[in-house]
Amino acid sequence: MAKNEKKETKQKNLVKEMFIAVIAGFIVGFICMFIKSSVSGTSMEGVWSIVEAIFFQDITSTTSLQGLGLMYIVGQLFMHALQMMIVPLVLCSLSLALCSLADPQRLGKIAGRTLLTYLAFYIVAATLAGIMAYTVKSFGVFNVTLPGEEATSLSTMDGYNPLVTVVNAVPTNWIEAMPSNSSILSVVVIAVVLGLVMVAIPEKTEPLKKVLESLSDVVQYFLNWLINTCAPVAIFCMITRALAVYGIEYILPTLAWIVTTICVSLILVCTIYPIGIFLTTGLNPFTFMRKTAKIGLFAAACNSSAATLPLNTQTCINELGCTEEISSFVLPTGMTINMNGTTAMHMCAITFIGTAAGINVTPAVLATAAFLSICTAVGTPSVPVAGTTMVYVVMMGLGFNTEACMIGYSLVLAMNYLPGMAVITLNVIGDAATNVIVNFKEGVLNKEIYNKK
């Protein structure tokens, strides 16, 4: 009992520390933004350059010792340490989960319920986001003049067939798929194969199972230490640096899209998941939101669903009453295919880009955009700012290829960080909601843990 109480105290302290870190990061970041704009063009600009070099310098973009970049280093070390464990975490947790689900019929049922729930959330998120974006458009908020000078550099992608993801998911060399976090879907396939083989020939694969269990313990211990000890400081540094470096130079032209995307994402995360939990399980939705708040905060701060996976798993098992075996299947799967936050962002971005470019964005156009967005979100390739980059694919599918559309797209791409903080919250909390629903439908959800305050 004492051990459980100690664990609960740690969880409460972590939530408080992370919340303080987020608030402090925004406060200090906005102060830095104000100072930076105030000294611009004055004799004090040189002093700010020194401060920026000491704390905020991206040391990878320099060829010599031009700055210390202390906050950049702290944030990067934390993110690299998290990312270092993503492949072994997915490989061990998913393969061991499948190994424990020895009944093939049960595994098929769990997979079916998981995919069906993710699809339902996709459709609801796309529909509601489209309605809200169209409502905002109707008030004339998106009728802005796009600054042509911002279209100097575009990062676009060729048309991408999401079915290619199915082919690329099976690696030609599973050793080559392991060293990089860009092939997580391939790692999922490898883990599934290992898990099913361990079920088929348990006697011969017992040594492999023990190795994976030991590696899983190592990964969990390290991640628990990293999140509990280092997360608040790293989150403060990342948020402060992001605001201090990027400032508000490009925010005003796209303020309508940023505010709309953030508001839509927050409204959706506070409605579709609690309502989904209540309608499918009858459980108290406020309990779910209260316990998953720190998952959303963490994801927003680090802007990575992969980096949030350890905390999401920990919360689902220890606070929401989900089983480890089902969580180890649902959450890694959701990390790779559940991007309903990205779909919501696509609906807002397409509405903004089209309207600002003088195109009449009708409900029929938005319905087509929703279909294209869901397809591309499920098959989003692992590239930097993938979700925002895939807006280009949806644009091409709709015929939004004018120069004005490209200017709007460049602004959306340049200013993806702030709305991305809200968008990724939809993704990770959606994973947790699906996990609770699947566990409940399987009859293994521990309601006592879920309802415990």
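Residues numbered from 1 in each chain as written. Predicted model: local features only at pLDDT ≥ 70, side-chain atom pairs only at ≥ 80, totals over all residues. Heavy atoms only, no water.

Draft legend 1. Local environment of the overall build of the protein. The secondary structure content of the protein amounts to 21 helices and zero strands. Total accessible area on the protein is roughly 20600 Å²; 66% of this is exposed by carbon and sulfur atoms. (Helix = DSSP H or I, 4+ residues; strand = E, 2+ residues; numbered from the N terminus. Areas by Shrake-Rupley, 256 points an atom, 1.4 Å probe, with all protein chains shown as cover.)

Draft legend 2. Structural view of the nonpolar core. Judged by nonpolar contacts, the single largest core of 114 residues is most densely connected at Phe78, Ile235, Tyr273, Phe288, Phe298, Met395 and Val436. The element contributing the most residues to this core is helix H20 (residues 417-441), with eleven residues. Not counting residues within four places of it along the chain, the set of residues in contact with Tyr273 comprises Phe121, Leu268, Phe288, Asn340, Leu426, Ile429, Gly430 and Ala433. Among the nonpolar cores identified, the runner-up in size contains seven residues, and Cys32, Val39, Trp48 and Met71 belong to it. (Core = buried A, V, L, I, M, F, W, Y, C linked by side-chain atoms within 4.5 Å. Buried < 20%, exposed > 50% of the residue type's maximum accessible area, 1.4 Å probe, protein only. Contact = heavy atoms within 4.5 Å.)

Draft legend 3. Here's a closer look at the packing of aromatic side chains. One pass over the structure, following the stated rule, counts six aromatic pairs. On the basis of an interplanar angle of 65° and a centroid distance of 6.1 Å, the ring pair of Phe78 and Phe298 is categorised as edge-to-face. Separated by 220 residues along the polypeptide, Phe78 in helix H3 (residues 70-84) and Phe298 in helix H12 (residues 285-302) bring together distant segments of the chain. Residue classification places Phe78 among the buried positions, given a relative accessible area of 3%. Here the aromatic rings of Phe121 and Tyr273 are separated by 4.9 Å at their centres, their planes lie at 80°, and the arrangement is edge-to-face. (Phe/Tyr/Trp six-rings, centres within 6.5 Å; stacked < 30°, edge-to-face > 60°.)

Draft legend 4. The pattern of salt bridges, seen in detail. Following the criterion strictly, the structure yields two salt bridges and no others. The salt bridge partner of Glu319 is Lys294, with a shortest N-O separation of 2.7 Å. One end of the pair, Glu319, is in the loop between helix H13 (305-318) and helix H14 (324-337); the other, Lys294, is in helix H12, with 25 residues separating them in the sequence. Accessibility assignment for this pair places Glu319 and Lys294 in one class, buried. (Salt bridge = Lys/Arg side-chain N within 4 Å of Asp/Glu carboxyl O.)

Draft legend 5. The side chain of Asn427, seen in detail. Here Asn427 lies in helix H20. At 3.3 Å, the side chain of Asn427 and the backbone nitrogen of Asn340 are in polar contact. Setting aside chain neighbours within four positions, we find Asn427 in contact with Asn338, Met339, Asn340, Gly341 and Thr342. (Polar contact = N/O pair within 3.5 Å; in protein donor to acceptor, adjacent residues only side chain to side chain.)

Draft legend 6. View of the confidence of the model for the protein. For the protein, per-residue confidence averages 80 on the pLDDT scale, and 83% of positions sit at 70 or higher. Residue range residues 149-158 is modelled with pLDDT below 50. Its contacts to residues more than four positions away, or to other chains, number 20 contacts. (pLDDT = per-residue confidence, 0-100.)

Draft legend 7. How the structure looks around H3. The terminal C-alpha atoms of H3 lie 21 Å apart, and with 15 residues this matches the ideal 21 Å at 1.5 Å per residue to within 8%. Looking at H3, one finds that the buried residues are Met71, Tyr72, Gly75, Phe78, Met79, Ala81 and Leu82. (Expected span 1.5 Å × (residues − 1).)

Draft legend 8. Fine view of the environment of Val393. If you trace the backbone, Val393 turns up in helix H18 (residues 391-398). Expressed as a C-alpha distance, the spacing of Val393 and Leu372, which sit 21 residues apart in the sequence, is 8.3 Å.

Draft legend 9. Structural view of a nonpolar patch on the surface. A cluster of nonpolar side chains, Phe19, Ile20, Ile23, Ile27, Ile31, Phe34 and Ile35, forms an exposed patch at the surface whose accessible area comes to about 680 Å². The residue Ile23 is located in helix H1 (residues 2-39) in this model. Here Ile23 falls in the partly exposed class, since its relative accessible area comes to 39%. (Patch = residues over 30% accessible without salt bridge, like charges linked within 9 Å, V, L, I, M, F, W, Y side chains within 5 Å.)

Draft legend 10. Quick look at the packing of H12 against H13. At a closest axis distance of 9 Å, the pairing of H12 and H13 adopts a crossing angle of 175°. As far as their axial angle goes, H13 and H12 are roughly antiparallel. Here Lys291, Lys294, Ile295, Phe298, Ala299 and Cys302 of H12 come into contact with H13, specifically with Ala307, Thr308, Leu311, Asn312 and Thr315. Broken down by class, the residue content of the contact of H12 with H13 amounts to six nonpolar, three polar and two charged. (Axes fitted to C-alpha atoms, helices over the stretch in contact; angles between N-to-C directions. Parallel < 35°, antiparallel > 145°, perpendicular 65-115°, else oblique. Nonpolar A, V, L, I, M, F, W, Y, C, P; charged D, E, K, R; others polar.)

Draft legend 11. Here's a closer look at the packing of helix H11 (residues 272-281) against H12. Interhelical geometry of H11 versus H12 gives an angle of 135° and a closest axis separation of 8 Å. When the axes of H11 and H12 are compared, the pair comes out oblique. Every pair of crossing elements has a handedness; the one defined by H11 and H12 is right-handed. Counted together, Tyr273, Pro274, Ile277 and Phe278 of H11 and Pro285, Phe288 and Met289 of H12 form the full contact between these two elements. Among the residues forming the contact of H11 with H12, the class breakdown is seven nonpolar, no polar and no charged. (Left-handed = near helix turned anticlockwise from the far one by under 90°.)

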